[in-house]
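Analysis of the macromolecular model
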Amino acid sequence: MQILLFGKTSSITTTIKTMLQSIEEWSVQLQSDLLNIKKSDEEQSNLDLIIANLEDFEKASTKVVSTIHIRFPDTPLLVIHSYLNKALIKPMITAGATGYMQNDVSDNKLIEAVQKVASGTKCIIAEST
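Residues numbered from 1 in each chain as written. Predicted model: local features only at pLDDT ≥ 70, side-chain atom pairs only at ≥ 80, totals over all residues. Heavy atoms only, no water.

1. A look at the pattern of salt bridges
So the rule is basically this: A side-chain nitrogen of Lys or Arg and a carboxyl oxygen of Asp or Glu constitute a salt bridge if their distance falls within 4 Å. A helix here means a DSSP run of H or I that spans at least four residues, while a strand means a run of E at least two residues long, and both kinds are numbered starting from the N terminus. When accessible area is computed with a 1.4 Å probe and restricted to protein chains, residues below 20% of their type maximum are described as buried, those above 50% as exposed, and intermediate ones as partly exposed.
Using the criterion set out here, one finds 2 salt bridges in the structure. Of the charged contacts, one joins Glu-112 and Lys-109 as a salt bridge, the two residues approaching to 3.9 Å between their closest N and O atoms. Here Glu-112 and its partner Lys-109 are both found in helix α5 (residues 107-118), 3 residues apart, which amounts to about one turn of the helix. Salt-bridge contacts for Lys-116 lead to Glu-112; the nearest nitrogen and oxygen are separated by 3.2 Å. Here Glu-112 and Lys-116 lie together in helix α5, a separation of 4 residues that amounts to about one turn. Judged by relative accessible area, Glu-112 falls into the partly exposed class, the value being 28%. Several salt bridges converge on common partners, so that one network encompasses Lys-109, Glu-112 and Lys-116.

2. Thoughts on the confidence of the model for the protein chain
As a reminder of what qualifies: The predictor reports its confidence for every residue as pLDDT, a score running from 0 up to 100.
Model confidence for the protein chain is summarised by a mean pLDDT of 89, while 91% of its residues fall at 70 or above. For the protein chain, the element scoring lowest by mean pLDDT is helix α2 (residues 41-46), at 56; strand β4 (residues 77-81) scores highest, at 97.

3. Describing the sheet that holds strand β3 (residues 49-53)
Whenever strands of a sheet pair, they do so through backbone hydrogen bonds, lying parallel or antiparallel. For clarity, the threshold we go by: Paired strands, in this sense, are two strands between which DSSP finds at least two bridges. Axis definition: a line fit to C-alpha positions, over the contact stretch in the case of helices; interaxial angles, taken between N-to-C directions, run 0 to 180 degrees. In this description, contact between two residues means that some pair of their heavy atoms is separated by no more than 4.5 Å.
Strand order in the open sheet formed by 6 strands is β2-β1-β3-β4-β5-β6, and the pairing between neighbours is parallel. Each edge of the open sheet carries a strand with a single partner, namely β2 (27-31) and β6 (123-125). Taken over all neighbouring pairs, the strand axes of this sheet differ in orientation by 20° on average, direction set aside. Where β4 and strand β5 (residues 99-102) come together, 4 bridges link them in parallel fashion. Note on β5: the bridge partner recorded for His-81 is Gln-102. In the packing of helix α3 (residues 61-71) onto the sheet, the strands contacted are β1 (2-6), β3 and β4, and the crossing angle to β4 comes to about 160°. Each of β1, β3, β4, β5 and β6 is contacted by α5, which is oriented at about 160° to β6, the strand it contacts most.

Okay, structure coming up:
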């Protein structure tokens, strides 16, 4: 699976990247600059999933989601944030995210969410571990 991970080098993003790279068949590329996304059409079509750690960006969560969704309209998007309240999560789904997960979930929940969202299934995991 080809995964593009948006985020800075925060501890959460680094941990997510490490967890994803532990799966042998998965390739993870880290991108930290939303404004200068320079992916060719061929590279975009090879992506199976985009994951974004929204807490790494200064923009509002829905703006980050919209920006990614506009640049990669055909690629499922899993967003990560600290929200537990579904009223705060729903606008991100409306803005273009396929799935949402809270930033402190277990390895197993992350893998489950990645697999579901990559297959195009909506998935919301908002629970404490």
